[in-house]
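Structural description and commentary
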Amino acid sequence: GPHDTTATLTKPLAEQGAEVIALVIPGWIAGQFAPAPQPEAYATMTRLIRKEDGIIDWHHDATTIDRQIRAYTPWPGTQTTWLGQPVKIVAAHPLAEADQAPADLDLAQPPGSVITWGRGASQRLAVICGEQSVLVLDTIQLPGKRAMSGGDSIRGYPALIGALFS
């Protein structure tokens with residue numbers, strides 16, 4: 001789903017995998033399945049995930065970055081840099097019509113530009129991404145602080161407004 005993360009999918013997928021194995025093993029033991037090599041055209045390789053894989057490149061579009069954040073939750077997590085310090089992006093989502101952003105939102109700013117709209121408890125924190133897309137930051141963690149909502153981070157750290165994440 002649109003809010004699933006590695007953390008929310010690990011247990012259900014492990015349980016489904018166990019159910020499938022339990023169904024297949026008796027047939028395997030009985031010789032009902034013949035092993036066959038995987039066609040090389042369909043073979044894929046991967047590598048171990050590294051901490052650096054969680055570093056956000058704001059030149060990617062918001063949907064790609066949202067998927068990166070969800071894939072790397074809980075480990076290695078995702079982060080960006082502000083004033084030379086790491087900022088963890090805990091939860092976010094691509095801007096959609098449901099976010100009720102103003103029509104005059106300036107998307108011509110460089111990727112990584114921090115923007116806001118709204119007032120008070122409804123104030124939203126977001127970042128301009130590649131392809132003039134916008135990622136709404138639901139939860140972030142500033143250096144040495146606890147994770148907080150995007151709105152709380154604006155109220156506590158107004159210097160974020162107009163900042164450039166790198």
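Residues numbered from 1 in each chain as written. Predicted model: local features only at pLDDT ≥ 70, side-chain atom pairs only at ≥ 80, totals over all residues. Heavy atoms only, no water.

Our next topic: the overall build of the chain. On a plain count of helices and strands, the chain comes out with three helices and six strands. Ordered by position from N to C terminus, the α and β elements of the chain give α-α-β-β-β-β-β-β-α. Compactness check: the chain gives a C-alpha radius of gyration of 21 Å against a globular reference of 15 Å for 166 residues, more than 25% above the reference. Taking the principal axes of its C-alpha atoms as reference, the chain extends roughly 65 × 35 × 30 Å. When burial is assessed residue by residue, the chain has 31% of its 166 residues classed as buried. (Helix = DSSP H or I, 4+ residues; strand = E, 2+ residues; numbered from the N terminus. Rg over C-alpha atoms; globule rule 2.2 N^0.38 Å. Buried < 20%, exposed > 50% of the residue type's maximum accessible area, 1.4 Å probe, protein only.)

Nonpolar side chains in soluble globular proteins tend to end up buried together. Formed by 22 residues in total, the largest nonpolar core has its most connected members in W58, I89, L135, L137, I140 and F165. At the level of elements, helix 2 (62-71), strand 2 (85-94), strand 4 (124-129) and strand 5 (133-141) are the ones that each hand at least two residues to this core. Leaving out residues up to four positions away in the same chain, I140 has contacts with V87, K88, I89, V90, L125, R146, A147, M148, S153 and L160. L105, A126, I128 and V136 belong to the second-largest nonpolar core, a separate cluster that totals seven residues. (Core = buried A, V, L, I, M, F, W, Y, C linked by side-chain atoms within 4.5 Å. Contact = heavy atoms within 4.5 Å.)

Mapping P35 onto the fold places it in the loop between helix 1 (6-29) and helix 2. Owing to a relative accessible area of 69%, P35 belongs among the exposed residues under this scheme. Note: C-alpha distance between P35 and S149 (114 residues apart in sequence) is 51 Å.

Here helix 1 contains 24 residues, and its C-alpha end-to-end distance of 33 Å stays within 8% of the 34 Å for a straight helix at 1.5 Å per residue. Taken as a whole, helix 1 carries its principal kink of about 25° at L23; the proline P26 stands between one and four residues after it. Residue G31 follows helix 1 closely and has a positive phi angle near 80°. (Expected span 1.5 Å × (residues − 1). Bend = angle between axes of the 7 residues up to and from the residue.)

Every second residue of strand 1 (residues 78-82) is oriented toward a common face, the buried set being T78, T80 and W82 and the non-buried set Q79 and T81. Pairing analysis gives five bridges linking strand 1 to strand 2, with the strands arranged antiparallel. Each bridged residue has a counterpart across the sheet, and for T81 the counterpart in strand 2 is P86. Count of turn residues in the strand 1/strand 2 antiparallel hairpin: two residues, of which L83 carries a positive phi of about 55°. (Pairing = 2+ DSSP bridges.)

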